[in-house]
Amino acid sequence: MEPRAVPGESPVCTCCAEPAVVYQSVTRRHLCGTHLVRDVEERVRATIQENGQIHAGDRVAVGLSGGKDSTALLVILSRLLPAWPGASLVAITVDEGIAGYRADTMQAAESLTERLGVDHRIVTFRDLIGDDLDTLLVGRETQSCTICGILRKKALADAARAAGATSIATGHNLDDDAQSVLMNAFRGDLPRLVRMTGTGTSEAFLPRIKPLMAIPEKEIASYLFVQDLFSVLPECPYTKYALRAEVRALLSDYECRHPGTMQHLIESKKMIERYCAGTPVMEPLHRCRECGDPCSGDLCQVCRLRHSLGK
Ligand code: SF4
Ligand code: ZN
């Protein structure tokens, strides 16, 4: 259906006569707040169903940073959950120890879980490795997101296991996945490119699922905004060191000038996955000789990091 717009006025919703709040370039639809909320929740339900991400009786650990993606994820999953009898949620917030950033997002995570009545656990880098991220990064600021990412993944996985979870859900959206495709292509890292499936099929790790992987970032922001759930929170001070920040800016620019670019990147990744099916692109998994976690070499990333940090 062609988008409807009244000349000289704001466009109206393709599904009703209400003013539109968002334009979906891929479906070429304008949507009002009510229809956007319905559409986002339906697409998340379809993603979960098509990829077998949640089953009856599952206990899903939701990585809740308190930012917009994880907030939307927890809200949507708490609404969709009755579809899977016996399934439950536990929200896990990792406090990395980042001054001037974490306090506000922790507070947002706390009040959201209280409002939704979801069990909430908090884990800290200090408990995991004995120091805050700020301290660990002194003189290593350019490696901030690599170090943070490795430790956060470990903290989340440990907390999820301790909470009896059967899977870990993260708030990665379509933009995040498109950025990851491009970053892995830039690095020439095919194994990592085909590993980011979001279907949670790994046997060695607690399955990781990405129910928002079909939803663009701007629709997530609008989804929260129209329900009065959007808050402006501080940005992590280390963002400026991240390769992802450059790729995000580049892709947003392309998406603006060539709508559908991000969707095409995701489609390309799926095509590569199909070509690679049955091809051993990943090194076989071993057990880390120090902690026993599954890894591709002799030592896992966390233990290698501990050594390099002198921990
Ligand atoms: Fe961690 Fe980097 Fe994200 Fe900051 S921007 S929270 S350092 S991954
Ligand atoms: Zn290890």
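Residues numbered from 1 in each chain as written. Chains lettered and ligands numbered in written order. Predicted model: local features only at pLDDT ≥ 70, side-chain atom pairs only at ≥ 80, totals over all residues. Heavy atoms only, no water.

Undergrad: Outline the domain arrangement of the protein chain, listing residues and values.
TA: For the protein chain, the assigned domains read domain 1 (1–31) and domain 2 (41–279). Of note, the centres of domain 1 and domain 2, computed from C-alpha atoms alone, are 29 Å apart. The interface of domain 1 with domain 2 comprises six residues on the first partner and nine residues on the second. Approximately 510 Å² of surface area, both sides summed, lies buried where domain 1 meets domain 2, with 61% of it carried by carbon and sulfur atoms. Taken as a group, Val22, Gln24 and Ser25 account for 57% of the area that domain 1 buries against domain 2, more than any other trio of residues on that side. Put simply, domain 1 and domain 2 have two residue pairs in polar contact (both at pLDDT 80 or more) between them. (Domains from an automatic or database assignment. Contact = heavy atoms within 4.5 Å. Buried area = accessible area lost by both parts, 1.4 Å probe. Polar contact = N/O pair within 3.5 Å; in protein donor to acceptor, adjacent residues only side chain to side chain.)

Undergrad: Describe the coordination of the zinc ion (ligand 2), and please don't skip the residues or the numbers.
TA: Protein-derived ligands of the zinc ion (ligand 2) are Cys288 (SG), Cys291 (SG), Cys300 (SG) and Cys303 (SG), with the metal-ligand distances lying across 2.2 to 2.3 Å. Each of the four donor atoms bound to the zinc ion (ligand 2) contributes to angles spanning 106 to 117°, and the resulting shape is tetrahedral. Within one chain, the residues serving as donors to the zinc ion (ligand 2) are arranged as C-x2-C-x8-C-x2-C. Taken together, the residues span a long stretch of sequence, with cysteine 288 in the loop between strand E8 (286–287) and strand E9 (294–295) and cysteine 303 in helix H12 (residues 301–309) at a distance of 15 residues. Like cysteine 303, cysteine 288 is buried. (Donors = N, O, S within 2.8 Å, 3.2 Å for Na, K, Ca; no water. Tetrahedral: all angles 85-135°; square planar, octahedral: opposite > 155°, others 65-115°. Helix = DSSP H or I, 4+ residues; strand = E, 2+ residues; numbered from the N terminus. Buried < 20%, exposed > 50% of the residue type's maximum accessible area, 1.4 Å probe, protein only.)

Undergrad: Could you give an account of a nonpolar patch on the surface, with specific residues and numbers?
TA: Taken together, the side chains of Val21, Phe225, Val226, Phe230 and Val232 make up a nonpolar region of the molecular surface, amounting to roughly 490 Å² of accessible area. Here phenylalanine 230 shows up in the loop between helix H9 (217–226) and helix H10 (243–257). Judged by its relative accessible area of 34%, phenylalanine 230 is partly exposed. (Patch = residues over 30% accessible without salt bridge, like charges linked within 9 Å, V, L, I, M, F, W, Y side chains within 5 Å. Areas by Shrake-Rupley, 256 points an atom, 1.4 Å probe, with all protein chains shown as cover. Salt bridge = Lys/Arg side-chain N within 4 Å of Asp/Glu carboxyl O.)

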